[in-house]
Amino acid sequence: MGGRKGMRAENPRAAWDYCRCCLFMAPRIRWRWAPLGFLARSTSAVSFLLGSLAASGLVAVAFFWLVISSSRRSDPTLVGCRPDSEGSWSVGVYYGKSPFSLSPIELHGSSNANNSAWPIANPVLTCASPSRAGHPSNFVADPFLYVQDSVLYLFFESKSTTTMKGDIGVARSFDQGGTWEFLGIALEEDWHLSYPFIFSYQNQIYMMPEGNKKGELRLYRAVNFPLKWTLEKVLIRKPLVDASLIQYEGHYWLFASDFTRMQSLKYGTVAHRLGPGNNIQKILYRADKSLGARNGGRPFIYEGSLYRLGQDCGGTYGRRIQIYKVEKLNREEFKEVPVKLGIEEPKKGRNAWNGIRYHHLDTQQLPSGNWIAVMDGDRVPSGDSTTRFLLGCTFTLLLLLLIMSIGFFVGAVNCCAISSRRNESSWLRTRPHINLRARRYLAGMNRYGSSIRARVNPKTCSGKVVLSFLVLVGIAFACTSVHFLLGGNGAEEAYMFGGQYSQFTMVTMTYEARIWNLKLYVKHYSRCESVREIVVVWNKGKPPSEEEFDSVVPVRIRVEELNSLNNRFKVDPLIKTRAVLELDDDIMMACDDIEKGFRVWRENPDRLVGFYPRLVDGSPLQYRNERYARGKNGYNVILTGAAFMDSEYAFKRYGSQEATEGRALVNQFFNCEDLLMNFLYSNVSSERTVEYVHPAWAIDTSKLSTAAISRNTQVHYDIRTNCLSKFSALYGALPSKWEFASRADGWDR
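Attention here is on the structure that accompanies the text. Model, not experiment: these values are computed from the prediction. (Residues numbered from 1 in each chain as written. Predicted model: local features only at pLDDT ≥ 70, side-chain atom pairs only at ≥ 80, totals over all residues. Heavy atoms only, no water.)

A word on unusual backbone geometry
Line of reasoning, step 1. Residues F225 and P226 are joined by a peptide bond in cis, for which omega reads 5°.
Line of reasoning, step 2. Here the amide bond leading from S619 into P620 is cis, since omega sits at 5°, within 30 degrees of zero.
Line of reasoning, step 3. With respect to the secondary-structure elements, P620 resides in the loop between strand 31 (613-614) and helix 12 (626-632).
Line of reasoning, step 4. In this model, E303 sits at a positive phi of 55°, which is unusual for a non-glycine residue.
Line of reasoning, step 5. Positive phi outside glycine occurs at C672, with the angle close to 75°.
Line of reasoning, step 6. Residue position: C672 is located in the loop between helix 14 (660-669) and helix 15 (673-683). (Helix = DSSP H or I, 4+ residues; strand = E, 2+ residues; numbered from the N terminus.)

Here you go:
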């Protein structure tokens, strides 16, 4: 090693010759299986190597099937929404009494019954909107509002999937931002466009988008609002970024980032005072990029003070929005101080649409006096798709190197000498010193390999431990490679339905002996994107305080006087969502499976949609497990210990006078409340009332404790069989069955 270092340092030409030699000789190195005699004496080195390869491959396939394939959400009908190194930006709506008390749309009760969105939840505009309208887009960002009477227009950057540049799209809303109709591409140029700052001046509507690739700041005027625009003039021939305009103290001021004056890791804020015969340019402020020097939306005036929005780009581009109160602004001086924005920080990480970064906000006052704002957000950092691809390739390479290493250790692969001089190229024959060095290097590799094989003998205990460890490392490399290359952005996202998102409430019933299960349950499910609140029905014992739980959503403990399974379906006026997921506290599933179930329920809100199917048939009726239903390829019951339902309909139906006798039987047997709910649903409809969603995996955590409710399975089934006969006499027969694997998406396989 020291000799080669000296050669490269003292003679660069020789070093280059050595590298060329490696390239020439690589095809001439003969990799061969070890002699059969060695294999006979060892524990089959080749078999061990092939077994290691097979184990790594099988585990990687199982990992893909269980963890990744179930969460892949590619829509074959959607051309856009592809992974993009710039991110996966989308747009949300906020309301408030002031620009400093804004909260997301889901907290304000906006709903859309056509899409089963009770309530409508952010984001309200994604890449799917322009993509489904024939304008494939990878993301939407930089939103600006234009208010025209009671109609809202939203202008935004749309990253084209085909050209990979930004165009300016426009959407319209008639319900104060809850539902948006994509109208089309308002402005498209040969260069990238973004930040469509839109404003009115002297009864004309203007747009001032960023186009710094052109090296100009251009002003466009609406000819036929909102889709037809014409170039009015070139304001400034400089590559200004994120230019924002506001009238303040009798003058129009333009704030922008000037890249021509930008120092390393700095953004300069430029102010222009515009007016008749006036165009004064002066650098007023220069700051580090993490201090919000780059604009992050429209400046606004509130209670007589001017506020500027800036981007905190520390760590990654567009990490956060910062707001500044401008204290001094004139020809000679500019001073601003940071103030609190007032928007609650997202806590669900990549599972939230804006969990990693949000960098743009436009807030305006409505005719009603209230304020509305649009904000963009992203669940991944800048360059995430590129980083994941590189990491995936790196772990694939490490896996291949590890496999070769295992082959050397067990003697299944051996590096032999280079081919004879007769077959060598003329280049090698004229450089015998390079040829000799390469031969010595390969001979050294064989000597080291023999030495290691002597120590790592597969027949010895230590050798087996080392080789087993290497196989485990290889399996880890294989799974990690699959995760980065095929696992998407790592988020368990909500599923859109009808162009909108919504939220649901989780309800679980427990008591003091199961507090360990409950804490694990709350920590896990509170991170699922569509979960609004977790309600704990406390049936027995001293209840815990809500502060004891590691939760990113509100947790409410509802203490019951009577220990009854009927409490699970009690009408609760404090629940703010129509959708409720009744889920036992000892069931753990992936958030992605929960989101799938919610998506299916939104398609059919009049059904019980759950994860545990049963087939009840026979004469008399008999309760059996899921294996029986699979054997008969059908089901007619969904266990409500893991099911979505309409809280307004289901809870009122369960608490009705008609269900009185059934509730009494539930109290008598301390069982069968889920069967009663199925009978109550089927009793009022001749249509399908249940639907199954297959979870990728589910873990019963009660098996890890002594607090399981139904440990004697046979006794449990006997009680339920008894309930079936009584419920059928009271409420009629259950439907025959519905087959598995009837959905086109395969979620009920």
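Considerations on the nonpolar core
Line of reasoning, step 1. Residues M645, L675, M677 and F727 are the most contacted members of the largest nonpolar core, which totals 43 residues.
Line of reasoning, step 2. Looking at this core, the element that brings in the most residues is helix 15, giving 6 residues.
Line of reasoning, step 3. Listed in part, the 35 residues of the second largest apolar core include W538, F644, V693 and W747. (Core = buried A, V, L, I, M, F, W, Y, C linked by side-chain atoms within 4.5 Å. Buried < 20%, exposed > 50% of the residue type's maximum accessible area, 1.4 Å probe, protein only.)

Quick notes on helix 15
Line of reasoning, step 1. Here helix 15 lies mainly inside the structure; 10 of its 11 residues are buried.
Line of reasoning, step 2. Burial in helix 15 covers these residues: E673, D674, L675, L676, M677, N678, F679, L680, Y681 and S682.

Examining the packing of helix 14 against helix 16 (residues 713-731)
Line of reasoning, step 1. Where helix 14 contacts helix 16, the axes come no closer than 11 Å and their chain directions differ by 170°. Classified by the interaxial angle, the pair formed by helix 14 and helix 16 is roughly antiparallel. Regarding helix 14 and helix 16, the two cross each other, and that crossing is right-handed. Judged by residue contacts, E661, G662, L665, V666 and F669 of helix 14 engage I719, N722, C723, K726, F727, L730 and Y731 from helix 16.
Line of reasoning, step 2. Partitioning the contact of helix 14 with helix 16 into residue classes produces 8 nonpolar, 2 polar and 2 charged. (Axes fitted to C-alpha atoms, helices over the stretch in contact; angles between N-to-C directions. Parallel < 35°, antiparallel > 145°, perpendicular 65-115°, else oblique. Left-handed = near helix turned anticlockwise from the far one by under 90°. Contact = heavy atoms within 4.5 Å. Nonpolar A, V, L, I, M, F, W, Y, C, P; charged D, E, K, R; others polar.)

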